[in-house]
Amino acid sequence: MVVHEDILRLQAEQALNRLAPRLATEFGADDAARAVFQERLSAEFTRLFFCLLPLYGDRNDFSGRVEQIVLTAAAAWRERPARLKAIDDEAAADPPWFQSNDEVGAVCYVDLFAGDLAGLRERIGYLRGLGITYLHLMPLLRSRDGENDGGYAVSDYREVDPRLGTMADLAALTDELRRAGIRLCMDFVFNHTADDHEWARAARSGDPECQGFYRMFDDRTLPDQYELTLREIFPDRGPEHFIWDDAARKWVWSTFYTYQWDLNFANPALFRRMLAEMLFLANQGVEILRLDAVPFVWKRLGTTCENLPEAHLLIQAFNALARIAAPALVFKSEAIVHPDEVARYVGGHEAQLSYHPVLMVLLWEALATRDTALLRHTLIKRFEIPPGSNWVNYIRCHDDIGWGFADEDADEMAIDPIGHRRFLNEFYTGRFPGSFARGLPFQENLDTGDCRICGMTASLTGLEKALAEGDGTGAELAVRRILLLYGVIMTIGGLPLLYLGDEVALLNDDHYREDPAKAHDRRWVHRPVTDWPAQQAACGDPDSPGGRVFAGLRDLIALRKSRRVFAGRRMEVLPLANRHVLGYLRDGAPGADAPVVVLGNFTERDQRIGDWGLVAVLGPGPMIDLVGGAIYSFGPDGLTLAPYQLVCLTAESAGSTS
Ligand code: OTU
């Protein structure tokens, strides 16, 4: 039966009308709050309804479920503190804040970076000094004892890990950060909870309601059928995605570690409960939620259970509800999957921000191969995303690097994707002859030879090896590699995200091996503890590699902030004849600053660029490099870049404007 869209719209309208008396009761005498809520609800309701309908519309209690979901949002809006309602009013700005060149992100674990939330407050000055405006604190909610996947096994969404502080401390921190011009980003780990979350504990002791929050099975019939089409996520664990729970006497779906139990979003009651948790976090003052593991949140038999259309509807529904009850809230999707799939989560109605994993991996790829061809090809194909959204560009994060470029992109460049990934793994584990990298393999699959890479930026760019060998030239090249990679993400368009520790070139840290809760997971090698006295010494020492990186990075951040041409993501890859050099043009919007051409040399040799096309872009006169301050002229020999040099060229006459 084809149901005409008009009829569905009518149904949505009727559902909205039925809500009015319920909202009147919910808000009581608070007419002002009700009026604002009602207005936003009217604006978003049809969109919300059309997301929920395919998810839950086949249930005969559908309209009651919709009503409960909206009432949950209304309750959260009533509880939203006035100071946050004030920032909600700024949320509709066009262009949105996250497209500004003023924005620079940073990410860390609270305990590793600053001990606890009180310690973090003391580091706000440090972050400000670097120019940070967006701070992602990795999981800081209460998580299970022992192994907890770095906090990605959440035991309670409403309680901060007691070792770090309290929820009140967190809320106060968001205010203090905001006063310092920094927005707080937190993870919303919503694909799974820890196996000791109160719902999981209740499910274990037989509570049918809580059992319905997870994906639990009496026997292997369905699990065996699902397994036929699922992909291995953590190959070290083997191919299984289900764990037998003796207390519940059921098989429980767990995509990641066995103690991370996947939530069942096919159950609208669970959707509503997670909505309440999400809005609770927003009401603490968190402005950006990183949607952890988004591809996995919906499952359907006979599929890979990744990136299903329903996963998108789910996020769109959450987005619509955020627009209604916490408009300042922005989503960042964490989809580390095929680039086509990554892009599908991005947009004003879904996730306004998204990690850009393919840029990250191809920067590393270009560094290993000294060839920017695949990087350029991919950027031309894949940099574009809808208006109202932005990329979050990064070099490293707390996870491993998996070589997630598209096979078809590689094929188009006559590169064998499988062989190429094998080479990259060999290179970054330091096994490839002549490699400068000192990474570790992660989740090596002995059947396929596939693996991913762990390591700090400084260890992957050659600093660890150079220092161990007393090789001064090698250390210098490593520093330049770090600044080249960060220079690209500061200037290419999108919001750059600094992995804290990289700003002083911290190396791999082997201490995790001594902790039985961490020893099995090599990602801990790139999660070092910040040693503040050492860090401060490094920052102040312009001759140490850490000090060089710190000063260089601070200058790059200042450069980004000084020119509006680095806002947004209008970017054109230049077809330079020299494949060792990545070049792109930033020309901003009409009326913005003068155009800038960025050129980056991905090799340890001088590289000459003879493309006269550059003259057409920048004019025939002298050019100034905004990074080093030198004046360049395009002579008969073109221009020459030093090893790993990054320049931002603009016509000299435009050099002094801002
Ligand atoms: C995320 O990563 C987190 O970043 C990890 O630290 C967690 O372990 C994991 O979720 C579970 O919470 O597989 O190797 O496409 O690739 O979500 C990292 C998304 C991961 C997944 C990603 C996941």
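Everything numeric in this text was worked out from a predicted model, so none of it was measured.

Asks: Can you help me understand helix α15 (residues 357-369) in this one?
Replies: Helical periodicity: at 3.6 residues per turn, an α-helix aligns residues three or four positions apart in one direction. An ideal rise of 1.5 Å per residue puts 18 Å on 13 residues; α15 measures up with 18 Å between its terminal C-alpha atoms. Among the 13 residues of α15, 12 are classified as buried, and the element is accordingly described as predominantly covered. Those residues of α15 not exposed but buried are Pro357, Val358, Leu359, Met360, Val361, Leu362, Leu363, Trp364, Glu365, Ala366, Leu367 and Ala368. Just downstream of α15 lies Arg370, where phi reads positive at about 60°.

Asks: I keep staring at the layout of surface pockets and nothing clicks. Help me out?
Replies: Where empty space is left can be seen by rolling a probe of water-molecule size over the atoms. Of the pockets and cavities examined, the second largest pocket occupies roughly 640 Å³. What lines the second largest pocket is a set of 31 residues, among which Ala91, Ala92, Ala93, Arg323 and Pro327 lie closest to the centre. Of all the secondary-structure elements, those providing two or more residues to the lining of the second largest pocket are α2 (31-56), α4 (82-90) and α13 (309-325). Its residues assigned to classes, the lining of the second largest pocket comprises 13 nonpolar, 7 polar and 11 charged.

Asks: Would you take a moment to explain the sheet that holds strand β14 (residues 390-394) for this structure?
Replies: Through backbone hydrogen bonds, the strands of a sheet pair up, either in parallel or in antiparallel fashion. Taken in spatial order, the 8 strands line up as β1-β2-β5-β11-β12-β13-β14-β17 and close into a barrel, and their pairing is parallel. Going across the sheet, the axis of each strand differs from the next one's by a mean of 25°, ignoring polarity. Sheet analysis places strand β1 (residues 105-108) next to strand β2 (residues 134-137), joined by 4 bridges and oriented parallel. Residue pairing across strands places Cys108 opposite Leu137, the latter belonging to β2. Strand contacts of helix α12 (residues 268-283): β5 (183-188), β11 (288-291) and β12 (330-333), with the helix running at about 160° to β5, the strand carrying the most contacts.

Asks: Would you mind showing me how to read the site of the ligand here?
Replies: If you check the shell around the ligand, you find 20 residues, and the closest are Asp149, Arg290, Asp292, Glu334 and Asp399. Taking Ile336, its main chain carries an N or O atom lying 2.9 Å from an oxygen atom of the ligand. In the environment of the ligand, an oxygen atom lies 3.2 Å from a nitrogen or oxygen atom belonging to the side chain of Arg523. Burial of the ligand by the protein chains amounts to 96% of its free accessible area of 490 Å². Its residues placed into classes, the shell around the ligand shows 9 nonpolar, 3 polar and 8 charged.

Asks: What should I look at first to understand the packing of helix α3 (residues 62-79) against α13 in this one?
Replies: Each pair of packed helices can be described by the angle between their axes along with the distance between the axes. The geometry of α3 relative to α13 is characterised by a closest axis approach of 9 Å and an angle of 40° between their N-to-C directions. Crossing handedness for the pair α3 and α13: right-handed. Contact residues: Ile69, Ala73 and Trp77 in α3; Leu321, Ile324 and Ala325 in α13. In the contact of α3 with α13, the residues fall into 6 nonpolar, no polar and no charged.

Asks: Can you walk me through the pattern of salt bridges in this structure?
Replies: Should the charged atoms of two oppositely charged side chains come close, the side chains can pair. Tallying each qualifying case throughout the model produces 51 salt bridges. Arg83 is the salt-bridge partner of Asp175, the closest N and O atoms lying 2.8 Å from each other. With a gap of 92 residues between them, Asp175 in helix α8 (residues 167-179) and Arg83 in helix α4 connect regions that are remote in the sequence. Look at Arg83 and you get partly exposed, because its relative accessible area is 37%. A salt bridge links Arg344 to Glu341; its shortest N-O distance comes to 3.2 Å. Taken together, the residues Arg344 and Glu341, both in helix α14 (residues 339-344) and 3 residues apart, mark about one turn of the helix.

Calculation rules
- Position numbers for residues start from 1 in each chain and track the written sequence from start to end.
- Per-residue local features of the predicted model are confined to residues with pLDDT of at least 70, and side-chain atom pairs are confined, for both listing and counting, to 80 or more; whole-chain, interface and lining totals are unaffected and use all residues.
- With hydrogens and water stripped out, all remaining heavy atoms of the structure feed into the side-chain values.
- The secondary structure listing takes helices from DSSP runs of H or I that are at least 4 residues long and strands from runs of E that are at least 2 residues long, numbered from the N terminus.
- Expected helix span is taken as 1.5 Å per residue step, with the number of steps being one fewer than the number of residues.
- Note on exposure labels: buried denotes an accessible area under 20% of the residue type's maximum, exposed denotes more than 50%, and partly exposed covers the range between, all computed with a 1.4 Å probe on protein chains only.
- Any residue with an atom within 4 Å of a point lines the site, the site being either a cavity, points on a 1 Å grid over the protein atoms alone where a 1.4 Å probe fits but cannot get out, or a pocket, an open set with protein on both sides within 12 Å along at least 5 of 7 lines.
- Grid points are joined across faces, edges and corners, and a volume is the space filled by probe spheres set on the points.
- Gly is put with the polar residues, along with every residue not named as nonpolar or charged; the nonpolar set is Ala, Val, Leu, Ile, Met, Phe, Trp, Tyr, Cys and Pro, and the charged set is Asp, Glu, Lys and Arg.
- The criterion for strand pairing is that DSSP finds at least two bridges linking the strands in question.
- Fitting a line to C-alpha atoms yields each axis, with helices limited to the stretch in contact; the angle taken between N-to-C directions then spans 0 to 180 degrees.
- Here, two residues are considered to be in contact whenever any of their heavy atoms come within 4.5 Å of each other.
- The cutoff for a nearby residue is simple: one of its non-hydrogen atoms must lie within 4 Å of the molecule or strand.
- Polar contacts, as used here, are pairs of N or O atoms within 3.5 Å; protein pairs need one atom able to donate a hydrogen and one able to accept it. Residues neighboring in sequence count only if both atoms are side-chain atoms.
- Note on areas: these come from Shrake-Rupley sampling with a 1.4 Å probe, and a residue is covered only by the protein chains present in the view.
- Each crossing is labelled by how the near helix is turned from the far one, with a counterclockwise turn of less than a right angle marking it left-handed and a clockwise turn marking it right-handed.
- Every case where a carboxyl oxygen of Asp or Glu lies within 4 Å of a side-chain nitrogen of Lys or Arg is listed as a salt bridge.

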